[in-house]
Amino acid sequence: MKRVHYTHNYLINPQHPVTVNLIGGGGTGSQVLTCLARLDVTLRALNHPGLFVTLYDPDEVTGANIGRQLFGYSDLGLNKAVCLISRINNFFGNDWRAIPGLFPAVAKEAKEKNMANITITCTDNVKSRLDMWSFLKTVRDIRDYTDYRTPLYWMDFGNAQTTGQVIMGTVRKKIPQPKSKQYKTVESLKVITEYVKYSAVKVEDSGPSCSLAEALQKQDLFINSTLAQLGCNILWKMFRQGMIEHQGVYLNLETMKVNPVEV
C-alpha cells in the first residue's frame, strides 16, 4: 500500500490564519517568503484564512546579497527581515511580522508569541538546526498554547553550491490520521536532524561573502530559488490535497536530478 501522511486537521480548517515562523531571510529564505505570499493569496481565494508569517533575521543587506538574494541596491544597510516583510506587506496588503533578530531557540526565553504551527528554517549552519530541534522537542507537548500557536510541522532547507535538500517533519510525536483502506497512513515524519547526524558533522563557519562573485563560489545562482519552489510545493499539496506522498526532495543542479523523499 502507498504510504501517505494526512495533514493535521487544523491546517485544513483553521479558525485563524495558519502561523508560520520563517527563520532566515537570505538566499533561500527570501525566495521562500515570496512563495509563502503566493500560497497565502491562493489559499484565501479558496476560502481558507491563509497564512500569518513571522520572519526572523538579524543581518543587514550587503552588496554580496544583491543578485543571488531578493534585494536591490536601495536595500543596502537595511535589516533583511524588515526589508522583505515591508515589501511583501506593501505588495500583497498583508500585515506579516518582521523580527530583526535571532529566533529565541531556548525554551525558557521563548514566549507564546514565538510559537507557530509551521516552522521553516533557511539557515546556513549546523548548530541552528540542532538548537531548533532541541527547542521544538521541548515545547511540542505544551498544552496551554492556543491552536494557532501549536507547533505541528518543521520544514528545513539546506544546500551546498549545487546540491541541496528540503525535509518536512512532524514536531508532534504523532499527527492523528484517518483510517484508510487505500493507503498506509503515517502519523510521524522524520525531521532533518533525524535524517542527517549533524552532531557528527564538522563544518567551519565560512562567514559572509564580500562580493557576489565570492558568494557564487559557495552557492550557485539558482540553487536557492529551485529548492524554495520544490519545498513550497510540498506545503501547497498539504493544504490543497490534505495529504502528501513525499516529505522532501534531494536536488542536484549539476546532474539536473530531483530525488523525492517518500513518506
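Reading the values: the criteria
In this numbering scheme, every chain counts its residues from 1 along its sequence in written order. With the structure being a predicted model, the display of local features is reserved for residues of pLDDT at least 70 and the display and counting of side-chain atom pairs for 80 or more, all residues being used for whole-chain, interface and lining totals. Neither water nor hydrogens contribute to the side-chain values; these are computed over all heavy atoms in the structure. The pairing criterion is simple: DSSP has to find at least two bridges between the two strands. For the purposes of this entry, the term helix denotes a DSSP run of H or I that reaches at least four residues, the term strand denotes a run of E that reaches at least two, and both are numbered from the N terminus. Under this scheme, a helix contributes an axis fitted over its contacting stretch, all axes are lines through C-alpha atoms, and angles between N-to-C directions fall in the 0 to 180 degree range. The contact criterion used throughout is that any non-hydrogen atoms of two residues lie within 4.5 Å. For this document, the term salt bridge refers to a Lys or Arg side-chain nitrogen within 4 Å of an Asp or Glu carboxyl oxygen. Any residue under 20% of the maximum accessible area for its type is buried, any over 50% is exposed, and the rest in between are partly exposed; the area is computed with a 1.4 Å probe on protein chains only. Multiplying one less than the number of residues by 1.5 Å gives the expected span of a helix. Seen with its strands pointing away from the viewer, a crossover is right-handed when the path leading from the first strand over the helix to the second is clockwise. Among buried residues, the Ala, Val, Leu, Ile, Met, Phe, Trp, Tyr and Cys ones that are joined through side-chain atoms within 4.5 Å form a nonpolar core.

Chemist: Lay out the sheet that holds strand E2 (residues 18–23) in plain terms, naming residues and giving numbers.
Modeler: The sheet built from eight strands is open, its strands ordered E4-E3-E2-E5-E6-E7-E10-E11 with mixed pairing. The open sheet is flanked by strand E4 (97–99) and strand E11 (257–262), the only strands paired with a single partner. Neighbour-to-neighbour, the strand axes of the sheet open up by a mean angle of 15°, direction not taken into account. Note that E2 and strand E5 (residues 118–121) share four bridges and pair parallel. Directly across from isoleucine 23, in E5, lies its bridge partner threonine 121. Set on the sheet, helix H4 (residues 126–139) makes contact with E2, E5, strand E6 (153–159) and strand E7 (163–170); between it and E6 the angle comes to about 175°.

Chemist: Explain the pattern of salt bridges to me, and be specific about the residues and the numbers.
Modeler: The tally for this structure, following the rule as stated, stands at six salt bridges. Across the salt bridge formed by aspartate 40 and arginine 44, the nearest N and O atoms sit 2.8 Å from each other. Placement of both aspartate 40 and arginine 44 in helix H2 (residues 29–45) is noted, with a separation of four residues, approximately one turn of the helix. Given the relative accessible area of 38%, arginine 44 is considered partly exposed. Across the salt bridge formed by lysine 174 and glutamate 187, the nearest N and O atoms sit 3.9 Å from each other. Of this pair, lysine 174 sits in the loop between E7 and strand E8 (183–185) while glutamate 187 sits in the loop between E8 and helix H5 (192–195), placing them 13 residues apart in sequence. Overall, lysine 174 belongs to the exposed group, its relative accessible area being 57%.

Chemist: How would you sum up helix H7 (residues 223–240)? Please name residues and give values.
Modeler: With 18 residues, H7 should cover 26 Å at 1.5 Å per step; its first-to-last C-alpha distance of 26 Å lies within 8% of that length. When we look at burial in H7, the residues that qualify are Ile223, Asn224, Ser225, Leu227, Ala228, Gly231, Cys232, Ile234, Leu235, Met238 and Phe239. Where H7 ends, the next residue or the one after it, glycine 242, has phi of about 75°, a positive value.

Chemist: So what's going on with the environment of leucine 55? Residues and values would help.
Modeler: Along the polypeptide, leucine 55 turns up in strand E3 (residues 51–56). Here leucine 55 falls in the buried class, since its relative accessible area comes to 0%. Separated by 26 residues in the primary sequence, leucine 55 and glycine 29 place their C-alpha atoms 8.8 Å from one another. Setting aside chain neighbours within four positions, we find leucine 55 in contact with Leu22, Gly24, Gly25, Leu33, Lys80, Ala81, Leu84, Ile85, Arg97, Ala98 and Ile99.

Chemist: Explain the pairing of E3 residue by residue, including any values.
Modeler: Among the six residues in E3, five count as buried, and that is most of the element. In this structure, E3 lies alongside E4, joined through three bridges in parallel fashion. Each residue of the ladder has a partner; that of threonine 54, found in E4, is arginine 97. Between the parallel pair E3 and E4, the chain is carried across by helix H3 (residues 80–92), and the sense of this crossover is right-handed.

Chemist: Provide a residue-level description of the nonpolar core, including the pertinent values.
Modeler: Residues Leu36, Leu51 and Ile120 are the most contacted members of the largest nonpolar core, which totals 48 residues. Among the elements that make up this core, the one with the highest residue count is H7 (eight residues). Setting aside anything within four residues of it in sequence, one finds leucine 36 in contact with Val20, Leu22, Leu51, Val53, Trp96, Ile120 and Leu235. Core analysis: the next-biggest nonpolar cluster, separate from the first, contains 16 residues, Tyr56, Met132, Trp154 and Ile192 among them.

Chemist: Quick rundown of the sheet that holds E8? Include the residues and the values.
Modeler: Spatial ordering of the open sheet is given by E8-E1-E9, a layout of three strands whose pairing is mixed. One side of each edge strand has no neighbouring strand; the edge strands of this open sheet are E8 and strand E9 (243–244). Sheet topology note: the strand E1 (residues 2–6)/E8 ladder contains three bridges and is parallel. Looking at the pairing, arginine 3 lines up with lysine 184 of E8.

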